[in-house]
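The chain contents come next:
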Amino acid sequence: MLYDFDERRMVLCDLDEYRAGPFVLEADRLPGSTRFMAPEEFARGSLIDIRTTVFALGRALRLLLDAGDEEKQWRGTPEQLEVVRSATATAPERRFPSVRSLVDAWQAAT
C-alpha cells in the first residue's frame, strides 16, 4: 500500500504474481501473505481471476478497519462489515463479480 500525501489517496500494488488476465494455478500455492490470500490461491488447478482480487481487497479493508477477524475492534459500520464479508466469501461465486462492484457496494455502505 502506497499513500500519496499530496493527492490524499492510497494505491495498492502487488508485483508478486501479476498476470494480464485470469489463469489456472499450476503450483501448490501463490506467493504472498496468507492474511490476504483467497482459498483458491492454495489449490493447484484453481482459477485465479478478478474475484481473487476482490477477496484480497476485502481482506485489506478488514485489516485496515479491525485488529483481526473477530470484530473485536471493528471501526466501520455494520453495512461496511457486510461488504467485507461478501468480498471475502470462501466461494468465489459468492463474492462481488468485479472490483467496480465492490467499490460501489463500499460507497453505498459508507
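Above this text you will find the structure in question.
My aim in this report is to walk through the structure given alongside it, one point at a time. Bear in mind that the values here come from a model prediction, so they are computed numbers and not experimental data.

Okay, the overall build of the protein next. Looking only at helices and strands, the protein features 3 helices and 4 strands. Listed by position from the N terminus, the elements making up the protein come as β-β-β-β-α-α-α. Relative to a compact globule of 110 residues, whose C-alpha radius of gyration would be 13 Å, the protein shows 14 Å and is just as compact. Structurally, the protein occupies a C-alpha span of about 40 × 30 × 25 Å along its principal axes. Within the span of the protein, comprising 110 residues, buried residues form 33% of the whole.

Turning our attention to the nonpolar core. Counting 12 residues, the largest nonpolar core consists of Val54, Leu61, Trp74, Leu81, Val83, Val84, Ala87, Phe96, Leu102, Ala105, Trp106 and Ala109. When contributions to this core are tallied by element, the ones reaching two or more residues are helix 1 (50-65), helix 2 (78-87) and helix 3 (99-109). Non-local contacts of Leu61, meaning those with residues more than four positions away in its chain, are made with Val84, Leu102 and Trp106. Membership of the second largest hydrophobic core comes to 5 residues, among which are Leu25, Leu30, Met37 and Ile48.

Looking now at the packing of aromatic side chains. For the structure on display, the rule yields 1 aromatic pair. Aromatic side chains Tyr3 and Phe5 sit 4.6 Å apart centroid to centroid with 80° between the ring planes, which places their arrangement in the edge-to-face category. A relative accessible area of 38% places Tyr3 in the partly exposed class.

On to the pattern of salt bridges, then. A complete count under the given rule lists 8 salt bridges for this structure. Shared partners join several salt bridges into a network, and the residues in it are Arg59, Arg62, Asp66 and Asp69.

Turning our eyes to something else, we now look at the packing of helix 2 against helix 3. With their axes 8 Å apart at the nearest point, helix 2 and helix 3 run at an angle of 165° to one another. Classified by the interaxial angle, the pair formed by helix 2 and helix 3 is roughly antiparallel. When the axes of helix 2 and helix 3 are compared, the crossing they make is right-handed. Along its contact with helix 2, which presents Glu79, Gln80, Val83, Val84 and Ala87, the element helix 3 presents Leu102, Ala105, Trp106 and Ala109.

Here we come to the layout of surface pockets. In this model, the second largest pocket occupies a volume close to 280 Å³. Listing elements by their share of the lining of the second largest pocket, those giving two or more residues are helix 1 and helix 3. Ranked by the residues each element gives to the lining of the second largest pocket, the list is headed by helix 3, at 5 residues. Here the residues of the lining of the second largest pocket are counted per class, giving 11 nonpolar, 1 polar and no charged.

About the criteria used
- Residues numbered from 1 in each chain as written.
- Predicted model: local features only at pLDDT ≥ 70, side-chain atom pairs only at ≥ 80, totals over all residues.
- Heavy atoms only, no water.
- Helix = DSSP H or I, 4+ residues; strand = E, 2+ residues; numbered from the N terminus.
- Rg over C-alpha atoms; globule rule 2.2 N^0.38 Å.
- Buried < 20%, exposed > 50% of the residue type's maximum accessible area, 1.4 Å probe, protein only.
- Core = buried A, V, L, I, M, F, W, Y, C linked by side-chain atoms within 4.5 Å.
- Contact = heavy atoms within 4.5 Å.
- Phe/Tyr/Trp six-rings, centres within 6.5 Å; stacked < 30°, edge-to-face > 60°.
- Salt bridge = Lys/Arg side-chain N within 4 Å of Asp/Glu carboxyl O.
- Axes fitted to C-alpha atoms, helices over the stretch in contact; angles between N-to-C directions.
- Parallel < 35°, antiparallel > 145°, perpendicular 65-115°, else oblique.
- Left-handed = near helix turned anticlockwise from the far one by under 90°.
- 1 Å grid on protein atoms, 1.4 Å probe; cavity = no way out; pocket = protein on both sides within 12 Å on 5 of 7 lines; lining within 4 Å.
- Points joined across faces, edges and corners; volume = space filled by probe spheres on them.
- Nonpolar A, V, L, I, M, F, W, Y, C, P; charged D, E, K, R; others polar.

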